[in-house]
Amino acid sequence: MIRESVEDVVRRARVAQAEIASWSQEETDRAVAAVGWHCYQEETARRLARLSHRETGLGDAEDLYALQRRRVLGILHDLHGARTTGVVESDPALGLVKIAKPLGVIAVASPATAPAPGIICNALPMLKTRNAAVFSPNPRARRSARATIDVMRAALASVGAPPDLLACLPEAGREAGSQLMAEADSVVAIGGSGTVRRAYRSGTPAIGAGVGNPTVVVDETADLAAAVAAVQHGAGFNHGTSCSSESNVLVHHSVAAAFERGLAEAGSYLCDEAETDRLTRRLWPDGTTLDRELIGRPATELAAAAGIDLGGREVTVLAARCADPWRDQPLLREKISPVLTLCVYREFDEAVRLVQSIAERCGLGHSCAVHTTREDRVLRLAEAVTHCRVVVNQSTMTNTGSLSAGVPFTTTLSAGSWGGSSVAGNVTWRHFLNHTTVSRPIPARVPDEAALFAPYRADSVAPRHPRLLAPADA
């Protein structure tokens, strides 16, 4: 029954996609704008945010509303003016012309955290590239997913586009999701590591998101007020449910006390050793597995669950000190909650090694950040770590796109080969295109042998491995 149901949805998506495969750029852009407009409307965004929050119990309704509006605007800004139909590149000197074509039907595994923004902001670039998309929602967010897709289908119909370009599986769960991945032409997997692994095992070309757990370095030259504001915002926004929420902070010992005072004034509660121990045992009851019932809950609820008395304070983040970040422990892992781990370091090179060490233990490839006025330190960190993103003097929440940062908006943060992903960086509309290249003859090019071999030949530069030279060159 599930197999037949999935096949029917995919079949209808293929019919719809075939209908728009020859659309002009103008027709394509009109459909994209219509979907974006319907989803951006305040009443619609608030309704979907409230529904998502009621259904999943994750995050904050106001933050979900703000997230949807900001991401829709950002995605549309990135898509505006992009050429995704017909000839998209021409290089007369090389005799090459590149023609853009869609992938076909894309299967999208969407998570329970921020379900509406996640679905919308995958749908928009997929429509921009004339693809159809079928969504496999997390069972916890099934009603929210369907309501979101209903809004977008109505928008498509309003401009005469086939609604079946966007569809939701009638069944939620692993079996239906795996079947969809096998039936589709391409897969985008957002969510837990299990979802990403199933995507890559499906036999269908796939793009997966990496494991989030950003570690932030705050050095002694940083603008502390700005660093506190960025960290507090990111760790607490939508109750820490984003994979880009600040998770661990390494603070230079000379400014650690001032940084902690700033966090407390901004709305964090600094746990003492006993409270940290209770919080850790509550979030990871078996010492390894995060309690999924506690993720995305307000800091006040987490405090109550861990027996932490906040003294009547309204706080948005629980900050826990970690005395030995070199030791593997749950508190340094991805938390998906408004919990921040604080560590102290003495030398910047130590902090760089710690960033890499934590990633190796808890998930490679995603992102890290640094607050500093030393440009040389930015490059030292970026060159040393196996991360796709190094965020400088801003919240790691900008990983997914920001109008005050240059990275493209996305909901899929891939982590490169380091994190088991096929893409290193933000997944955008560019990843949803096939290209046909037309090649014409050009005047023959004659390689300059001396220039090509200059880095190696003994008469140009002393070789590093002279024993490998031919006898005549030795």
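Residues numbered from 1 in each chain as written. Predicted model: local features only at pLDDT ≥ 70, side-chain atom pairs only at ≥ 80, totals over all residues. Heavy atoms only, no water.

Where an unreviewed UniProt entry is consulted, the protein appears under the name Aldehyde dehydrogenase family protein, with the organism given as Streptomyces fungicidicus.

1. Overview of the overall build of the protein
Quick reminder of the rule: Per the convention used, a helix needs a DSSP run of H or I reaching at least four residues, while a strand needs a run of E reaching at least two, with both numbered from the N terminus. For this measure, only C-alpha atoms enter the radius of gyration; the expected value for a globule follows 2.2 Å times N^0.38, where N is the number of residues. The buried label goes to any residue with under 20% of its type's maximum accessible area, the exposed label to any with over 50%, and the partly exposed label to all in between, with areas taken from a 1.4 Å probe on protein chains only. Two residues form a contact once any of their heavy atoms are found within 4.5 Å. Accessibility throughout is a Shrake-Rupley quantity obtained with a 1.4 Å probe, and a residue counts as covered only by protein chains that appear here. In this count, Lys and Arg are taken as positive residues and Asp and Glu as negative ones, while His and the chain termini are left out. Charged groups are reduced to one reference atom each: NZ for lysine, CZ for arginine, CG for aspartic acid, CD for glutamic acid.
Counting its regular elements, the protein contains 15 helices and 17 strands. Its C-alpha radius of gyration of 25 Å places the protein within 12% of the 23 Å reference for a compact globule of 474 residues. In terms of overall dimensions, the protein has a C-alpha envelope of 75 × 70 × 40 Å along the principal axes. Split into buried and exposed, the 474 residues of the protein put 54% on the buried side. Summarising the internal contacts of the protein: among those between residues at least 6 apart in sequence, 72% fall at separations of at least 24. Summing over all exposed atoms, the protein offers an accessible surface of approximately 21,000 Å²; the carbon and sulfur share of this is 52%. When the 50 basic and 52 acidic side-chain charges of the protein are each reduced to a single mean position, those positions are 4 Å apart.

2. Section: the sheet that holds strand β1 (residues 86-91)
Here is the rule: For two strands to pair, DSSP has to find at least two bridges joining them. Interaxial angle, 0 to 180 degrees, is taken between N-to-C directions of lines fitted to C-alpha atoms, where a helix line uses only the stretch in contact.
Pairing is antiparallel across the open sheet formed by 3 strands, whose spatial order is β1-β2-β17. Each edge of the sheet is formed by a strand with only one pairing partner; in this case those strands are β1 and β17 (433-439). Each adjacent strand pair in this sheet contributes to an overall mean axis angle of 25°, direction not counted. Of the strand pairs in this sheet, β1 and strand β2 (residues 96-102) are connected by 5 bridges, and their pairing is antiparallel. Bridged to Val-87 within β2 is Ile-99.

3. So, the sheet that holds strand β7 (residues 206-208)
One open sheet holds the 5 strands; their spatial order is β5-β4-β3-β6-β7, and the pairing between them is parallel. Two strands close off the open sheet at either side, each with one partner strand: β5 (166-168) and β7. Geometrically, the sheet is characterised by an average inter-axis angle of 20° between neighbouring strands, direction not taken into account. Pairing geometry for strand β6 (residues 186-189) and β7, over 3 bridges, is parallel. Counterpart to Val-188 in the pairing with β7 is Ile-207. Contacts between helix α6 (residues 142-158) and the sheet are confined to β4 (132-137) and β5, with β5 contributing the most and set at about 160° to the helix.

4. With respect to the nonpolar core
In a soluble, globular protein the nonpolar side chains are often hidden away together inside. Basically, it comes down to this: Here, nonpolar core refers to any group of buried Ala, Val, Leu, Ile, Met, Phe, Trp, Tyr and Cys residues whose side-chain atoms link them within 4.5 Å.
In terms of nonpolar packing, the biggest core is built from 63 residues, with Val-35, Leu-124, Val-134, Phe-135, Met-152, Leu-156 and Leu-166 touching the most fellow members. Take this core: its biggest share by element is 7 residues, from helix α5 (residues 115-128). The contact partners of Phe-135, leaving out residues within four places of it in the chain, are Val-108, Ile-119, Asn-122, Ala-123, Ile-149, Leu-166, Ala-167, Cys-168, Leu-169 and Leu-180.

5. A word on the confidence of the model for the protein
Low-pLDDT portions of the prediction should not be read for the details of their coordinates. Convention followed: The pLDDT score gives, residue by residue, the confidence of the prediction method on a 0 to 100 scale.
Across the protein, pLDDT averages 93, with 96% of residues at or above 70. A low-confidence stretch, residues 466-474 stays under pLDDT 50, and its non-local contacts, those more than four residues away or across chains, total 7 contacts.

6. Thoughts on a positive patch on the surface
Note the following rule: Here the term patch refers to residues with relative accessible area over 30% and no salt bridge, with like charges joined within 9 Å and nonpolar side chains (Val, Leu, Ile, Met, Phe, Trp, Tyr) within 5 Å. Salt bridge, as applied in this entry: a Lys or Arg side-chain nitrogen positioned within 4 Å of an Asp or Glu carboxyl oxygen.
On the surface, a cluster of positive charge is contributed by Arg-47, Arg-50, Arg-54 and Arg-143. If you tally residues by element for the positive patch, the top one is helix α3 (residues 42-56), at 3 residues. For Arg-50, the position within the fold is in helix α3. Since its relative accessible area comes to 43%, Arg-50 is described here as partly exposed.

7. Re the packing of helix α9 (residues 224-236) against helix α10 (residues 256-266)
For the record, the criterion: Here the angle decides the label: under 35 degrees means roughly parallel, over 145 means roughly antiparallel, 65 to 115 means roughly perpendicular, and every other value means oblique. By the definition used in this description, the sense in which the near helix is turned from the far one sets the handedness, with an anticlockwise turn below a right angle giving left-handed and a clockwise turn giving right-handed.
Interaxial distance between α9 and α10 falls to 9 Å at its minimum, and their mutual angle equals 50°. The orientation of α9 with respect to α10, classified from their angle, is oblique. Here α9 and α10 pass one another in a crossing that is right-handed. For the pair formed by α9 and α10, the contact residues are Leu-224, Ala-227, Val-228, Val-231 and Gln-232 on the first element and Ala-258, Phe-259, Gly-262, Leu-263 and Ala-266 on the second.

8. Thoughts on the side chain of Thr-241
Applicable threshold: Polar contact is defined as a pair of N or O atoms within 3.5 Å, subject to the rule that within protein one atom must be able to donate a hydrogen and the other to accept it, and that residues adjacent in sequence are counted only when both atoms are side-chain atoms.
Structurally, the position occupied by Thr-241 is in the loop between α9 and β9 (248-252). Judged by its relative accessible area of 8%, Thr-241 is buried. A polar contact is formed between the side chain of Thr-241 and the side chain of Asn-238, at a distance of 2.9 Å. Sequence-distant contacts of Thr-241, that is, excluding residues within four places in its chain, are made with Gly-59, Thr-113, Gly-296 and Ile-336.

9. Examining the packing of aromatic side chains
Ring pairs (aromatic) are described by centroid distance and by the angle formed between their planes. In plain terms, the rule: Side-chain rings of Phe, Tyr and Trp (the six-membered ring for Trp) are treated as a pair once their centres are within 6.5 Å; stacked means planes under 30 degrees apart, edge-to-face means over 60, and tilted covers the remaining angles. In this scheme, the term charge over a ring applies when either NZ of a lysine or CZ of an arginine sits within 6 Å of the ring centre and within 35 degrees of the ring normal.
Inspection of the entire model under this criterion finds 0 aromatic pairs. Note that Arg-46 overlies the ring of Tyr-65, its terminal NZ or CZ placed 3.8 Å from the centroid. Sitting over the ring of Tyr-40, Arg-69 keeps its end group 4.1 Å from the ring centre.

10. Digging into helix α2 (residues 25-40)
Residues three or four positions apart in an α-helix share a direction because the helix packs 3.6 residues into each turn. What counts here: Here a helix's expected span is defined as the number of its residues, less one, multiplied by 1.5 Å.
An ideal rise of 1.5 Å per residue puts 22 Å on 16 residues; α2 measures up with 22 Å between its terminal C-alpha atoms. On its buried side, α2 packs onto α3, α4 (61-79), α5 and α6.

11. What to know about the packing of α4 against α5
Let me state the cut-off plainly: Throughout, the ten residues Ala, Val, Leu, Ile, Met, Phe, Trp, Tyr, Cys and Pro are labelled nonpolar, Asp, Glu, Lys and Arg are labelled charged, and all others, Gly among them, are labelled polar.
Following both chains from N to C, one finds α4 and α5 inclined at 15°, their axes separated by 9 Å at the closest point. With respect to α5, the element α4 is oriented roughly parallel. As for the relative orientation of α4 and α5, their crossing is right-handed in sense. Together, Leu-64, Leu-67, Gln-68, Arg-71, Val-72, Ile-75, Leu-76 and Leu-79 of α4 and Ala-116, Pro-117, Ile-120, Cys-121, Leu-124, Pro-125 and Lys-128 of α5 make up the contact between the two elements. In the contact of α4 with α5, the residues fall into 12 nonpolar, 1 polar and 2 charged.

12. Digging into the side chain of Thr-44
With respect to the helices and strands, Thr-44 occurs in helix α3. Note on Thr-44: relative accessible area 15%, which makes it buried.

13. Examining α10
Worth spelling out the cut-off: Relevant arc is that of directions from the helix axis to the C-beta atoms, nothing else.
Listed in full, the buried residues belonging to α10 are Ala-256, Phe-259, Glu-260, Gly-262 and Leu-263. Down the axis of α10, the buried side of the element spans an arc of 160°, and every buried residue falls inside it. Where the residues of α10 are buried, they touch β8 (215-218), α9, β9, β10 (268-271), β11 (317-321) and β12 (339-345). Remark: Gly-267 follows α10 within two positions and exhibits a positive phi of approximately 125°.

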